[in-house]
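Descriptive structure summary
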Amino acid sequence: MIRILGIDPGFKATGYGCIESDGRRTQLLETGTIEPKQKDLIENRLQKIKQHLGELIEEHQPQVLVLEKLYAHYKHPATAAKLGHVRGVICLLSAERGIELAEYSVKRIRKALTGNGNASKAQMRRVVAGLLNIDETKLGLDASDALALALGYVRMRGQKP
């Protein structure tokens, strides 16, 4: 049995999803989105993300943290820098708590779960909801992306999510 915490990092919204899998069956433990106040200072936004994720780690004790690989479009360098701050906080939490860190590209996760690396966010949400037997309409896109990371990790290990 392994517990996996998938995190879709974002400065406006960081999605998370924690699952437990025995290789044959996967169960959702918790999912959601951390949305710091837009007007807060950067250090306060990062603190909120770190605190919330720290509490999740404490509660669920994941063995693996799966993070989306850094992707930045050359037209948006400021966005990439902000995202780098969030990723840094997440990587630091992983190191502080002694949790294995795995990083995958969005395309690799989408291909592992749908067979199509170019699947849309909506298609991914539908697949994630189906695999976890949850209501798709109650699953936000950031949370869905985080769960896809965790489920993709299971699938790429040759197991059934």
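1. With respect to the overall build of the protein
Looking only at helices and strands, one finds five helices and five strands in the protein. Relative to a compact globule of 161 residues, whose C-alpha radius of gyration would be 15 Å, the protein shows 15 Å and is just as compact. If one aligns the C-alpha atoms of the protein with their principal axes, the spans along those axes are about 45 × 35 × 25 Å. Expressed as a percentage of its 161 residues, the buried residues of the protein come to 45%. Summarising the internal contacts of the protein: among those between residues at least 6 apart in sequence, 60% fall at separations of at least 24. Total accessible area computed for the protein in this model is approximately 8,500 Å², and 49% of it derives from carbon and sulfur atoms. Positive and negative charge centroids in the protein, built from 25 and 18 side chains respectively, lie 7 Å apart.

2. A few points about the side chain of Arg45
Counting through the fold element by element, Arg45 comes out in helix α1 (residues 42–60). Contacts of Arg45, omitting those with residues within four sequence positions, involve Phe11, Lys12, Pro36, Lys37, Gln38 and Asp40.

3. As for the sheet that holds strand β5 (residues 100–104)
Note: strands within a sheet are paired through backbone hydrogen bonds, in either parallel or antiparallel orientation. With mixed pairing, five strands are arranged side by side in an open sheet as β3-β2-β1-β4-β5. What marks the edges here is a single partner per strand, and that holds for β3 (26–34) and β5. Neighbouring strand axes in the sheet, compared pairwise and without regard to direction, differ in orientation by 20 degrees on average. Packing against the sheet, α1 makes contact with β1 (2–8), β2 (14–21), β3 and β4 (64–68), and its axis sits at approximately 165 degrees to β3. Sitting on the sheet, helix α5 (residues 141–156) is in contact with β1, β2, β3, β4 and β5, with an inclination near 35 degrees to β2.

Conventions adopted
Residues numbered from 1 in each chain as written. Predicted model: local features only at pLDDT ≥ 70, side-chain atom pairs only at ≥ 80, totals over all residues. Heavy atoms only, no water. Helix = DSSP H or I, 4+ residues; strand = E, 2+ residues; numbered from the N terminus. Rg over C-alpha atoms; globule rule 2.2 N^0.38 Å. Buried < 20%, exposed > 50% of the residue type's maximum accessible area, 1.4 Å probe, protein only. Contact = heavy atoms within 4.5 Å. Areas by Shrake-Rupley, 256 points an atom, 1.4 Å probe, with all protein chains shown as cover. Lys, Arg positive; Asp, Glu negative; His and termini not counted. Charge placed at Lys NZ, Arg CZ, Asp CG, Glu CD. Pairing = 2+ DSSP bridges. Axes fitted to C-alpha atoms, helices over the stretch in contact; angles between N-to-C directions.

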